[in-house]
2 protein chains.
Amino acid sequence: MNNNSITKRDEDFAKWYTDVVRAAKLADYTSVKGCIAIEPNGYAIWEKIQSIMDKKFKELGHVNVQMPLLIPENLFNQEKELIEGFAPELVWVTEVGDKKLDERFAIRSTSETVFCDYYKKHITSYKDLPKLYNQWCNVFRYEKETRPFLRSREFLWQEGHTVHATAEEAEKETKQMMDVYKWFNHEILAIPSITGKKTEKEKFAGAEYTLTNEDLMYNGVCLQDGTSHYFGQKFSKAYDVKFTNKENKDEYAYYTTWGKTTRMIAAIIMVHADDYGLVLPPRIAPKQVVIIPIGNDPKVDELANKYKEELLKNDITAYIDDSEKSPGFKFAEAEVNGIPIRIEVGKRDLENNKVTFVRRDTREKIEKTLDVNVVDFTKELLETIQKDMYNRALDRQNKLTFEAHNLEDMEKILNTQPGFIHAMWCGDEACETRIKEIKGCKSRCIVENGEKIDDKCVCCGKEAKHHVIWGIQY
Amino acid sequence: MNNNSITKRDEDFAKWYTDVVRAAKLADYTSVKGCIAIEPNGYAIWEKIQSIMDKKFKELGHVNVQMPLLIPENLFNQEKELIEGFAPELVWVTEVGDKKLDERFAIRSTSETVFCDYYKKHITSYKDLPKLYNQWCNVFRYEKETRPFLRSREFLWQEGHTVHATAEEAEKETKQMMDVYKWFNHEILAIPSITGKKTEKEKFAGAEYTLTNEDLMYNGVCLQDGTSHYFGQKFSKAYDVKFTNKENKDEYAYYTTWGKTTRMIAAIIMVHADDYGLVLPPRIAPKQVVIIPIGNDPKVDELANKYKEELLKNDITAYIDDSEKSPGFKFAEAEVNGIPIRIEVGKRDLENNKVTFVRRDTREKIEKTLDVNVVDFTKELLETIQKDMYNRALDRQNKLTFEAHNLEDMEKILNTQPGFIHAMWCGDEACETRIKEIKGCKSRCIVENGEKIDDKCVCCGKEAKHHVIWGIQY
């Protein structure tokens, strides 16, 4: 894959994005419209995401399960709010072989109904609580506009579904899982997301409230990247999930759900990638170091192998590109695939007592003498890259963070350079609707304990209640 | 869960099986007929299966991908043999929201069509080959009779799909992956499966030939547990998967697929479990050791914690059951859940300088003095249990392995005690059909380089060509 085939990011962001997906061989289109094939390079990132998140979930006491893909229509209908939100995007199974089924089945677009149906049967007493279940699976939403990873009809995710004996405990869980998502984005993906509460208008259908993790892409467009919902007793009432509490009285259980999806891969691209292709933060890179031997020389091969073995022994995922391609081609391929560090070793380098490390994020070449401690230096460099990538993303985010005090401010910002827009809001949905008229700008989240940056609502001028972050979304 | 609620295995095997599934909390029925919820205890076994198999696949150069769940009808129709085999079990998506779709989509029952459609686009030259792809996913087959894990409408599996530039290489892959499956059953699941080639009648629709891994359950019924198919160029011709070979000529690619499913959990149960519940081979047990402190005593807790920490440090998955249940209840629960080793520590034991290890497989109690090296002893005991479980399963399998020389032999065996029946066969499908009349007995596999145990076909008496293993199947 030649780097030249990637459209410049500043020229056409949307085309640049799909070029990077294709050039780094992350995913491809298929014969099913709106559904992608996640290719080895893309799926390896997802596996890495899964392994880190899953470990954290389990440390916090969660266990994995697998619920059915199909949902009977009558089960879905029990919770009206949910079906109304999802109805237009639901796909229905109606036939088996050449026979019509008596009842339609929806392919899950989310599994609240299924989990509640399960919990209803399996919870009797407060002693059965909490249940801290999660599942990794595929879901289906028939979206009109699709883009690889960003918005696919089928996507992969994890969905946590927990039930608790008290509201406090459930709310603590809702908050805790949002903290986990934020930690994951900041520490692992090097994405400085912001978190907060969704407004009533933007919250998940049927939830009491929704906490959200919002990323800012390089082009200033916002991306919702992980939500954690507190349902209170709403769903347990609709699905009859009851337990006997300590006072020996029947009580409806307190319910939370939280999910994060393959959309994270879109976020990694749109925050970190550049005109040369993908750039992977070291902590999420399936392969952290590629060693490229230059020229056919036993001594070069020996050194390359020594480096590889030493790095692998120290839990750094290194590999040698010993394919028959030219060094130049290998450099470009490592670059387009976003491998954080490339180590070049050649015959002439050995004679000159040097080895070259190339950072993918800055494309900087670092020459070291052959007595370099390759493990220590690589480890340190990976940490530096991780930190620098976070800081660069944060700088960009700060640069694209604005403050608005009235609709003219809003319009000016959105017409010049969109981003995170801080502005006060009265709490009235009408104002959200009015603001949405400006390029589809929506409230991203209410900042918790947000500083009062104005007394008046950015839209109507009435008394402001909340500090809200606004933006155009994917 | 009280052990008494499990039906005796020798009384009613089918009921015993579902009792074990329920008592060990592996899975439960759901509102979708024929689809199960895999509960935490069951899913943890699947996660362990995945991690070990996936590691092996990757060591052999395979990479994971994720293809779409839905298959357009016209794509399916391109390979007639495949659709005819699967058509009655396919479920179809026909509606989205309240609108009818122009074309039906099948939910994948297997993904040959989807992978070939992908490879068609991505393979140009022999330099692109081999492609060694695998995916872990859910599939759907609308079976009439279902039983948890054994036969579910939806199940989880891995499906390997590889394409090669030569027939030799593809056949080598087909054989290699069957060897991996056999290794996994023998070494990890402690199940002494047999492998061989399916007859034409029993092979996978559309394959040139099918290799199969066959287990024998405690009751003498056979279970197909993993297959590896060689397709030659059949599918590549149907789906136009071509490449330019080294001679610069167009050639159709050589294709293999191989799969193993959540059915393995059924095999573990039906080979190893007993009247007291599940019995897990140590290498597949998500939790290998449970430590049960008896009585409230700080010294007891201290020792339990010390044991746990030491075992965990040595990669033995140990946990303490410090719930509020009675020791008797905890013993029974550890037993029904099949935890390989239970360590009991009590105040009186400490005074008497002893600690008790209980093997789940034999229920034997082993008393040791407190100076026991808990890590060494546990490690050794886990290995002993693993080996003994395999040997007991092999003894049982040998006991239920018979030889037949004519139809009367066959009938007598099948009417007394079914099992693996060795018998010679002429190669004529009519004889397979005739034998099937005896309690549905089918050929399991042709033994490779099988000893000639008779000159004549067990059915028609004509010249025998193959040494075949027969049996009644799930």
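In this text the structure is predicted, and so the values were computed from the model without any measurement.

Colleague: Got a minute to help me understand the overall build of chain A in this structure?
Modeller: What chain A contains, in helices and strands, is 14 helices and 23 strands. Here the C-alpha radius of gyration of chain A, 25 Å, is about what a compact globule of 474 residues would show, namely 23 Å. Each principal axis of the C-alpha atoms in chain A carries an extent, and together these give about 80 × 55 × 50 Å. Expressed as a percentage of the 474 residues in chain A, the buried residues total 49%. Here the analysis covers contacts within chain A between residues at least 6 apart in sequence; of these, 69% occur between residues at least 24 apart.

Colleague: Help me out: how do you make sense of the relation of the copies chain B and chain A in this one?
Modeller: Between the two copies of this chain, the relationship is a rotation about some axis together with a displacement along it. Overlay of chain B on chain A (RMSD 0.0 Å): rotation 180 degrees, translation along the axis 0.0 Å. Given the turn and translation reported, the copies of this chain are related as if by a two-fold rotation axis. Taking C-alpha positions as the reference, the residue of chain B nearest the rotation axis is B:Val93, at 2.1 Å. Interface overlap between copies: 100% of the residues of chain B at the interface are likewise at the interface in chain A, consistent with a symmetric, same-surface contact.

Colleague: Looking at this structure, how should I read the nonpolar core?
Modeller: For soluble globular proteins, nonpolar side chains are generally found buried alongside one another. A:Val20, A:Ile269, B:Val20 and B:Ile269 are the most contacted members of the largest nonpolar core, which has 273 residues in total. For A:Ile269, the contacting residues outside a window of four places in its chain are A:Tyr17, A:Val20, A:Val21 and A:Leu278.

Colleague: Explanation requested: the pairing of strand E17 (residues 341-346) of chain B in the structure shown.
Modeller: Each regular strand shows side chains that alternate between the opposite faces of the sheet. Residue and element names in this part refer to chain B. By the criterion of burial, E17 is predominantly enclosed, with five of the six residues buried. Of the pairings in the sheet, the one linking strand E15 (residues 289-294) to E17 comprises six bridges and is parallel in character. Bridge pairing in E17 places Ile294 opposite Gly346. For E17 and strand E18 (residues 354-359), the ladder comprises four bridges, and the chain directions are antiparallel. Of the residues in E18, the one forming a bridge with Ile341 is Arg359.

Colleague: Can you walk me through unusual backbone geometry in this structure?
Modeller: Working note: non-glycine residues mostly have negative phi, and peptide bonds are mostly trans. All names here are of chain A. Here the residue pair Leu129 and Pro130 is connected by a cis peptide bond, since its omega of -5 degrees sits within 30 degrees of zero. With respect to the helices, strands and loops of the structure, Pro130 is situated in the loop between helix H5 (112-122) and strand E7 (131-140). We note that Lys439 has phi near 55 degrees; this positive angle belongs to a residue other than glycine. Its location among the elements puts Lys439 in the loop between helix H14 (429-436) and strand E22 (442-446). For Lys439, a count of 13 C-beta atoms within 10 Å translates into the label partly exposed.

Colleague: How should I be thinking about the packing of helix H9 (residues 298-313) of chain A against helix H12 (residues 374-399) of chain A in this particular structure?
Modeller: Residue and element names in this part refer to chain A. For the pair H9 and H12, the least separation of the axes is 9 Å and the interaxial angle reads 60 degrees. Our classification of the angle between H9 and H12 gives oblique. Between H9 and H12 lies a crossing whose hand is right-handed. Taking contact as the criterion, the partners of Tyr307, Glu310 and Leu311 in H9 are, on H12, Val374, Val375 and Thr378.

Colleague: What is the right way to read the domain arrangement of chain A from this model?
Modeller: Accessible area lost upon the coming together of the parts serves often as the stated size of an interface. Domain boundaries assigned for chain A yield domain 1 (3-272), domain 2 (289-381) and domain 3 (401-471). Here the C-alpha centre of domain 3 of chain A lies 49 Å away from the C-alpha centre of domain 2 of chain A.

Colleague: What should I look at first to understand the interface of chain B and chain A in this one?
Modeller: Each side of the interface is counted separately: chain B has 40 residues, and chain A has 40 residues. With six residues, the single largest contributor to the side of chain B that touches chain A is strand E5 (residues 91-96) of chain B. Relative to E5(B), strand E5 (residues 91-96) of chain A is paired through five bridges, and the arrangement is antiparallel. From the neighbouring strand, A:Val93 faces E5(B), where its bridge partner is B:Val93.

Colleague: Honestly, the confidence of the model for chain A in this entry has me stumped. Any pointers?
Modeller: Do not read the predicted coordinates in detail wherever pLDDT is low. Here chain A averages 96 in pLDDT, while 99% of its residues score no lower than 70. Interface confidence for the predicted complex, given as ipTM, is 0.96, next to a pTM of 0.97.

Colleague: What is the right way to look at helix H8 (residues 263-272) of chain A in this model?
Modeller: An α-helix turns once per 3.6 residues; consequently, residues spaced three or four apart project the same way. Residues and elements named next belong to chain A. With respect to burial, H8 is a largely interior element, 10 of its 10 residues being buried. Taken residue by residue, H8 has Arg263, Met264, Ile265, Ala266, Ala267, Ile268, Ile269, Met270, Val271 and His272 as its buried positions. Considering only its buried residues, H8 is in contact with helix H1 (13-23), helix H2 (40-59), strand E10 (209-216), strand E11 (222-232), strand E14 (254-261) and H12.

Colleague: How should I be thinking about the pairing of strand E18 (residues 354-359) of chain A in this particular structure?
Modeller: Residues and elements named next belong to chain A. Of the pairings in the sheet, the one linking E18 to strand E19 (residues 365-369) comprises five bridges and is antiparallel in character. Across the sheet, Lys354 pairs through a bridge with Thr369, a residue of E19. The antiparallel pairing of E18 with E19 creates a hairpin that spans five residues between the two strands, and Arg363 there sits at a positive phi of about 60 degrees.

Colleague: Could you clarify how one ought to interpret the sheet that holds strand E16 (residues 318-320) of chain A in this entry?
Modeller: Two modes of strand pairing occur in sheets, parallel and antiparallel, and in both the strands are linked by backbone hydrogen bonds. Residues and elements named next belong to chain A. In space, the five strands of this open sheet follow the order E16-E15-E17-E18-E19, with mixed pairing throughout. If you trace the sheet from one side to the other, it starts and ends with E16 and E19, each paired once. Going from strand to strand, the sheet's axes swing by 25 degrees on average, the running direction of each strand aside. Sheet topology note: the strand E15 (residues 289-294)/E16 ladder contains three bridges and is parallel. By the bridge assignment, Val289 is partnered in E16 with Ala318. Against the sheet, H9 engages E15, E16 and strand E17 (341-346), with an angle of about 170 degrees to E15.

Colleague: What's the story with the sheet that holds strand E19 (residues 365-369) of chain B in this structure? I'm lost.
Modeller: Residue and element names in this part refer to chain B. Taken together, the five strands give an open sheet; going across it, the order is E16-E15-E17-E18-E19, and neighbouring strands pair in mixed fashion. Edge positions in the sheet fall to strand E16 (318-320) and E19, since each of these pairs with one other strand and no more. Across the sheet, the mean angle from the axis of one strand to that of its neighbour is 25 degrees, orientation sign disregarded.

Colleague: What's the story with helix H13 (residues 407-416) of chain A in this structure? I'm lost.
Modeller: Residues and elements named next belong to chain A. Among the residues of H13, those classed as buried are Met410, Ile413 and Leu414. Buried residues of H13, viewed axially, fall in a sector of 95 degrees; they line one side. Exposed residues lying more than 90 degrees from the buried face of H13 are Glu408, Asn415 and Thr416. Its buried side turned inward, H13 meets strand E20 (401-403), strand E21 (420-425) and H14.

Colleague: Explain the environment of A:Ile36 to me, please; I cannot follow it from the model alone.
Modeller: All names here are of chain A. Inspection of the secondary structure assignment puts Ile36 in strand E2 (residues 36-38). Classification of Ile36 as buried rests on a count of 25 C-beta atoms within 10 Å. C-alpha separation for the pair Ile36 and Glu154, spaced 118 residues apart in sequence, amounts to 7.7 Å. Residue contacts for Ile36: discarding those within four places in its chain leaves Ala27, Asp28, Tyr29, Thr30, Pro148 and Ser152.

Conventions and cut-offs
Once a new chain begins, its residue numbering starts again from 1 and follows that chain's sequence as written. As a convention, the first chain written is A and the first ligand written is 1, with the rest following in written order. With pLDDT at 70 or above as the cut-off, local features in this predicted model cover only qualifying residues; side-chain atom pairs require 80 or more to be listed or tallied, and sums for whole chains, interfaces and linings still use all residues. Here a helix means four or more residues in a row that DSSP labels H or I, a strand means two or more in a row labelled E, and each is numbered from the N terminus. We compute the radius of gyration over the C-alpha atoms and compare it with the globule rule, which gives 2.2 Å times the number of residues raised to the power 0.38. The exposure label follows from counting other C-beta atoms within 10 Å of a residue's C-beta, where the C-beta atoms are placed from the backbone and the thresholds are 20 or more for buried and 12 or fewer for exposed, leaving partly exposed in between. Two residues qualify as being in contact provided that their C-beta atoms, derived from the backbone, are within 7 Å of each other. Copy-to-copy alignment: least squares on C-alpha atoms, limited to residues at pLDDT 70 or above in both. Only buried residues count toward a nonpolar core: Ala, Val, Leu, Ile, Met, Phe, Trp, Tyr and Cys, linked into one set through C-beta atoms within 7 Å. One bridge is not enough; two strands pair if DSSP finds at least two bridges between them. In this description, a line fitted to the C-alpha atoms serves as the axis of each element, helices being fitted only across the stretch in contact, and the angle between N-to-C directions of two axes falls anywhere from 0 to 180 degrees. Any angle that falls under 35 degrees is termed roughly parallel, while one over 145 is termed roughly antiparallel, one within 65 to 115 roughly perpendicular, and all others oblique. A crossing counts as left-handed when the near helix is turned anticlockwise from the far one by less than a right angle, and as right-handed when that turn is clockwise. An automatic or database domain assignment supplies the start and end points of every domain. Every residue carries a pLDDT, the predictor's confidence in it, which falls somewhere between 0 and 100. Within this analysis, the arc is defined by the directions that extend from the helix axis to the C-beta atoms.

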